[in-house]
Amino acid sequence: MSTRGEAQARIDQIHAFQRELARLLDSKVLPLSEEQRQAIDSYHAALTKDLSRDFDVDSDARAKQLSTGMRIASFLGALSLAASVFFFFYKFWGQLTMPAQVSILLAAPLMTFIFTVWLSKHDGSGYFTKLAAMVSFACFVLNVSMLGQIFNMTSSPNAFLLWAAFALILAYGMDTRLLLVAGLICLVTYIAARFGTASGAYWIDFGERPENFFPAAVALLVAAFAIDHRRFDGFAMTYRVSGLLTLFGPILVLSNWGEGSYFLWDSDLIEGGYQITGFITAGLSIWFGIRRGHTDVVNTGATFFVVLLYTKFYDWWWETMPKYLFFLIVGLTAVLFLFVLRRLRGLGRSPATGEV
Amino acid sequence: MPWYRARTFFLGLALILLTNAVVLGGVWYNRSGDPDSTLTLTERELASPFNYWHGEENSGLNLHLVWRMEQSRPQTNTPGSVYFGGEGDWLDSTKLKELGISIHARSPSPRNGAAFNSSLPADVLLVLEMDGAAYRRTLERACRLPTAAAPDAVARQKNCLEETNRSSRLFVVDAGLDREALRKKYPDRAHYAVMRGQIQASLIIQVSGRHLTGYVRGVASDEIDVPLSMRTSIGASTPIMGRVYGQQGKPFAAVVMIGRRLEPWLASLSPGVSQSN
């Protein structure tokens, strides 16, 4: 057992087994002697105790509910503390001399980072460590951006690479998905900006050409399958979903805005091409997700397929069709989609959830 | 310490220290040796940004470079108003071609603007001229005496006063990709600064035909931080305000240096007298 997720899954398995065993005993399907029952109970009690001690898992439903609450509180707390760091510095920086500004900007990420690493050794639950890690990341972002402002430096996408590196170090070191997402967003921004400047454009305008995001999408999807993330709960899924969103987002934009493409063809042709590409890639991701048992890939692909389809329905029929008929068609399409996904789920391969 | 925690610690520490070393090293390099140019500006050329979130939540003070482009044709519908746009007489299709900026047709027989691709702003080097020929020509045009019967005589008189006493004398007069060539062309480092900026092309479609023109989208590093020592040196307890949009600010004289990386900094800031020609 190497991750908290695996430990929690084992605990959940034990609880499910205990509930099913109780039913079997009530129905007298499986008679067990008192000795056998005690042996099973003792084994499960000892295992639960060890896992709770080593991984801080939820040992019952109430603990699970509280954990969910703690996760939400941790997430909101992390964002709020990060914002507080920013606004605190902006409030008082103008009253400091330049050496004081530079010293504080350097000390803040250093001290918070050292504290985060120290805290990770003593914080069994990990929630406080994740909070501290987020504050440390905020301090580093402030460090780089404020130095740029104080010394009137020319803005550059390199800052995003530095932020990505720090976020990923914290994400892997402290096992925190929030910082993994932050790091991937920074990395995608950096890669897209670099591809934008390769065409001679100013880097800030990289979003004007959504195709700049495709190399980043490919990089994330390759990383999702090339890097071993078994020790990190949810990291592989985060890479997969981030990669797909980075791929699908620009396709959706370009399927409605051909003028934003690098291709020097007629806009209608470009939009049509990206619409077809969008439906094909969504279909492929659903197929691949079912084949490999990745529910997240299936759901992301299905969601994008539906969004793309509905935007086309709107383009084709909103102006010309009576509204009741328009929404009837949208609804019937959703029902059809449900049937298709249910059928795919029943094919006996790794199941899709059937959610649209 | 477990190996993964130790690795995290040393990697994170190294990244923070290396980042700050590189950034501060770059600042030292930019400000070392002789500056690329040294301009003496006033409250006419440096203003507090009027859309910036100053005041309660931000105690910092930046001054914003107010630059202009020379336009011999009237650009606005309001007679006598000062032009602050990015289009200029010198930024024509020839200059755009020299900078490698173009717009292409998406279809063989393009009929409207949508049939052309939109250009993205290109990263270029801009030449800024302080109180030079471009300003003198603009002033001369603004102060040409109108005929007594001209309907816009009053407005034009106002414009002449505005140009004489308040408008920025800092003009973007040229652009290029080769820094050495630009500096050779404009060797006076006290009146000409080379800075990074962005130029974008736009296509004007008229009955007479299509016409490619460009405009300066922005000047990089045009927000200059004012250190605390300079704010207090003139005895002001509140931030000095330059020309905020629509306001007459306190006069001051500022020496702005542009360094080896073409990044500016404020070398000195002192109270000045009102700048009228």
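Placed above this text is the structure.
This one's a predicted model, so the numbers in the text were calculated from it and none came from an experiment.

A. Representation of the overall build of chain A. From N to C terminus, chain A includes 12 helices and 0 strands. Listing the helices and strands of chain A from first to last along the sequence gives α-α-α-α-α-α-α-α-α-α-α-α. Each principal axis of the C-alpha atoms in chain A carries an extent, and together these give about 80 × 65 × 40 Å. The buried share among the 356 residues of chain A stands at 44%. When contacts within chain A are restricted to residue pairs at least 6 apart in sequence, long-range pairs at least 24 apart make up 65% of them.

B. Layout of the pairing of strand S4 (residues 122-130) of chain B. All names here are of chain B. Of all 9 residues that make up S4, 8 are buried, and the element is covered over most of its length. Relative to strand S6 (residues 192-206), S4 is paired through 8 bridges, and the arrangement is antiparallel. Looking at the pairing, Leu 125 lines up with Arg 196 of S6. Both S4 and strand S5 (residues 170-176) contribute to a ladder of 6 bridges, which runs antiparallel. Pairing of Val 127 across the sheet is with Asp 174, part of S5.

C. Structural detail: empty space enclosed by the protein. Within this structure, the stated rule accounts for 2 cavities of 30 Å³ or more. The space that makes up the largest cavity amounts to roughly 50 Å³. Residue lining of the largest cavity: Trp93(A), Gly94(A), Leu96(A), Gln101(A), Gly60(B), Leu61(B), Asp225(B), Val226(B), Pro227(B), Leu228(B) and Arg231(B), and that is the complete set. The class makeup of the residues in the lining of the largest cavity is 6 nonpolar, 3 polar and 2 charged.

D. Molecular detail of the sheet that holds S4(B). All names here are of chain B. Read from one edge of the open sheet, 4 strands run S5-S4-S6-S7, paired in antiparallel fashion. Because the sheet does not close on itself, it has two edges, and the strands there are S5 and strand S7 (209-219). Across the sheet, the axes of successive neighbouring strands diverge by a mean angle of 45°, strand direction being ignored. Contacts from helix H3 (residues 133-142) reach S4 and S5, with the element oriented near 130° to S5.

E. Main features of a nonpolar patch on the surface. Residue and element names in this part refer to chain A. Residues Ile 72, Phe 75, Leu 76 and Leu 79 make up a contiguous nonpolar surface patch of roughly 360 Å² in combined accessible area. Assignment of secondary structure puts Leu 79 in helix H3 (residues 61-92). For Leu 79, a relative accessible area of 37% gives the class partly exposed.

F. Layout of the interface of chain A and chain B. Chain A puts 51 residues into the contact, and the matching count from chain B is 51 residues. Taking both sides of the interface into account, the surface hidden between chain A and chain B amounts to around 4,400 Å²; carbon and sulfur atoms contribute 61%. Counting the surface chain A buries against chain B, the share from its top three residues, Asn152(A), Tyr202(A) and Leu264(A), is 15%. At the surface where chain A touches chain B, the tally comes to 1 salt bridge. For the salt bridge of Asp205(A) with Arg217(B), the shortest nitrogen-to-oxygen distance reads 2.7 Å. Linking chain A with chain B are 14 residue pairs in polar contact (both at pLDDT 80 or more). Those elements that place two or more of their residues in the side of chain A that touches chain B are H3, helix H4 (98-122), helix H5 (127-150), helix H6 (158-174) and helix H10 (267-292) of chain A.

G. A look at unusual backbone geometry. The phi dihedral of Asp175(A) is positive, around 55°, even though this residue is not glycine. Relative accessible area serves as the criterion here: at 28%, Asp175(A) is assigned to the partly exposed category. With phi around 65°, Leu262(B) is a residue other than glycine that occupies positive phi space. Locating Leu262(B) in the fold gives a position in the loop between strand S9 (252-258) and strand S10 (264-271). For Leu262(B), a relative accessible area of 2% gives the class buried.

H. Quick peek at the packing of helix H9 (residues 235-254) of chain A against helix H11 (residues 295-317) of chain A. All names here are of chain A. Contact geometry for H9 and H11: axes closest at 10 Å, N-to-C directions at 15°. Our classification of the angle between H9 and H11 gives roughly parallel. Relative to H11, H9 is oriented so that their crossing is right-handed. Residue-level inspection shows Met 237, Arg 240, Val 241, Leu 244, Leu 245, Phe 248, Ile 251 and Leu 252 of H9 in contact with H11, the latter providing Asp 296, Val 297, Thr 300, Gly 301, Phe 304, Val 307, Leu 308 and Thr 311.

What counts as what
Residues numbered from 1 in each chain as written. Chains lettered and ligands numbered in written order. Predicted model: local features only at pLDDT ≥ 70, side-chain atom pairs only at ≥ 80, totals over all residues. Heavy atoms only, no water. Helix = DSSP H or I, 4+ residues; strand = E, 2+ residues; numbered from the N terminus. Buried < 20%, exposed > 50% of the residue type's maximum accessible area, 1.4 Å probe, protein only. Contact = heavy atoms within 4.5 Å. Pairing = 2+ DSSP bridges. 1 Å grid on protein atoms, 1.4 Å probe; cavity = no way out; pocket = protein on both sides within 12 Å on 5 of 7 lines; lining within 4 Å. Points joined across faces, edges and corners; volume = space filled by probe spheres on them. Nonpolar A, V, L, I, M, F, W, Y, C, P; charged D, E, K, R; others polar. Axes fitted to C-alpha atoms, helices over the stretch in contact; angles between N-to-C directions. Patch = residues over 30% accessible without salt bridge, like charges linked within 9 Å, V, L, I, M, F, W, Y side chains within 5 Å. Areas by Shrake-Rupley, 256 points an atom, 1.4 Å probe, with all protein chains shown as cover. Salt bridge = Lys/Arg side-chain N within 4 Å of Asp/Glu carboxyl O. Buried area = accessible area lost by both parts, 1.4 Å probe. Polar contact = N/O pair within 3.5 Å; in protein donor to acceptor, adjacent residues only side chain to side chain. Parallel < 35°, antiparallel > 145°, perpendicular 65-115°, else oblique. Left-handed = near helix turned anticlockwise from the far one by under 90°.

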